[in-house]
Amino acid sequence: MEHHAAEIVDRLRSLALEQEISEIIDVYVLRPEDPKPSSTDGLEIEGPAGHELFGRDGAGGSYYVLTDGRILYVDSEGSFGIVGADFKEFIAIAAGLPGWHDALKLLKLEPVDVAREKWRSFVDKWGAEDELDEPWPDDEGFKTGNPAEARVAIREHFGVEPLADPFGALHHAVRMLGKDVSVTWNGDPARSF
């Protein structure tokens, strides 16, 4: 199992779909020369025996792997949560939900059926699934023809099957946070998704 950031970064770098990963999953691989966040950035994470940063998103959020394999995501505004029981589940969720970051905003709605209904309305309103078959721009360096092909290629590379209910899996993952992980932002407790 991939429980270390270096293993995750190696897997992400071995994938020739860097542009697709950044568009579909919204993960930019942490490179050795990239600055690592420190306590001077105002972000403090406490978890079970630690955490390792492995990537960022386009808005300044950060992805961490906890020692038990769970994937912790902290967005640019300091909200946080578990987004996968492990890296493979995270990939399956993120590749299965178009614009998966938007789904995070709806997860507090209880029960999951209410949240899923709101998500379905959001996807329909904005046509998120309609864009899956639209071709990528020619000059952007994509290796696949469209987002639908990219989602399949990403899952195949990481050896994950598509999830029947990726929204439900994300809803469940966020609830795996527990009291063993805490995040503070400039000394104040951050809010979970």
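For the structure itself, consult the block above.
One numbering rule holds for all chains: residues counted from 1, following each sequence as written. Residues qualify for local features only when their pLDDT is at least 70, as the model is predicted, and side-chain atom pairs are given and counted only at 80 or more; totals for whole chains, interfaces and linings, by contrast, use all residues. Side-chain numbers come from the whole structure's heavy atoms, not from hydrogens or water.

Novice: How would you sum up the overall build of the chain? Please name residues and give values.
Specialist: Runs of H or I in DSSP of at least four residues are treated as helices and runs of E of at least two as strands, each being numbered from the N terminus. Across its full length, the chain carries seven helices and eight strands. Two things to know: the radius of gyration comes from C-alpha atoms, and the globule rule equals 2.2 Å times the number of residues to the power 0.38. The C-alpha radius of gyration computed for the chain amounts to 16 Å, which stays within 12% of the reference 16 Å derived for 193 residues, consistent with globular compactness. Its C-alpha atoms give the chain principal-axis dimensions of roughly 45 × 40 × 30 Å. Residue contacts are counted whenever heavy atoms from the two residues lie within 4.5 Å of one another. Considering only contacts in the chain between residues 6 or more positions apart, those separated by 24 or more positions represent 59%. Method for areas: the Shrake-Rupley scheme with a 1.4 Å probe, in which residue coverage is limited to the protein chains shown. Total accessible area computed for the chain in this model is approximately 9,900 Å², and 50% of it derives from carbon and sulfur atoms. In this tally, Lys and Arg are treated as positive and Asp and Glu as negative; His is ignored, and so are the chain termini. A charge is said to be at NZ when it belongs to Lys, at CZ for Arg, at CG for Asp and at CD for Glu. Positive and negative charge centroids in the chain, built from 19 and 38 side chains respectively, lie 4 Å apart.

Novice: Which residues make up the packing of helix α3 (residues 87-96) against helix α7 (residues 166-174), and what values do they have?
Specialist: In a packed pair of helices, the relevant descriptors are the angle between the two axes and the axis-to-axis distance. The interhelical angle for the contact between α3 and α7, taken along N-to-C directions, is 130°, at an axis separation of 9 Å. Considered as vectors, α3 and α7 are oriented oblique to each other. The handedness of the crossing between α3 and α7 is left-handed. Residues Glu89, Ile93 and Gly96 of α3 form the contact with α7, whose own contacting residues are Pro166, Ala169, Leu170 and Ala173. Axis definition: a line fit to C-alpha positions, over the contact stretch in the case of helices; interaxial angles, taken between N-to-C directions, run 0 to 180 degrees. Note on angle classes: values under 35 degrees are labelled roughly parallel, values over 145 roughly antiparallel, values of 65 to 115 roughly perpendicular, and the remainder oblique. Two helices cross in a left-handed way if the nearer one is turned anticlockwise from the farther one by less than a right angle. They cross in a right-handed way if the turn is clockwise.

Novice: Go over unusual backbone geometry, please, and point to the residues and values.
Specialist: Positive phi is not limited to glycine here, since Asp26 has a value of about 65°. In this fold, Asp26 is placed in the loop between α2 (18-24) and β1 (28-29). One non-glycine residue, Asn186, adopts positive backbone phi at about 55°. Position of Asn186 relative to the elements: it lies in the loop between β7 (182-185) and β8 (188-189). Relative accessibility thresholds used throughout: buried, under 20% of the residue-type maximum; exposed, over 50%; partly exposed, between the two (1.4 Å probe, protein chains only). By relative accessible area, Asn186 is classed as exposed at 56%.

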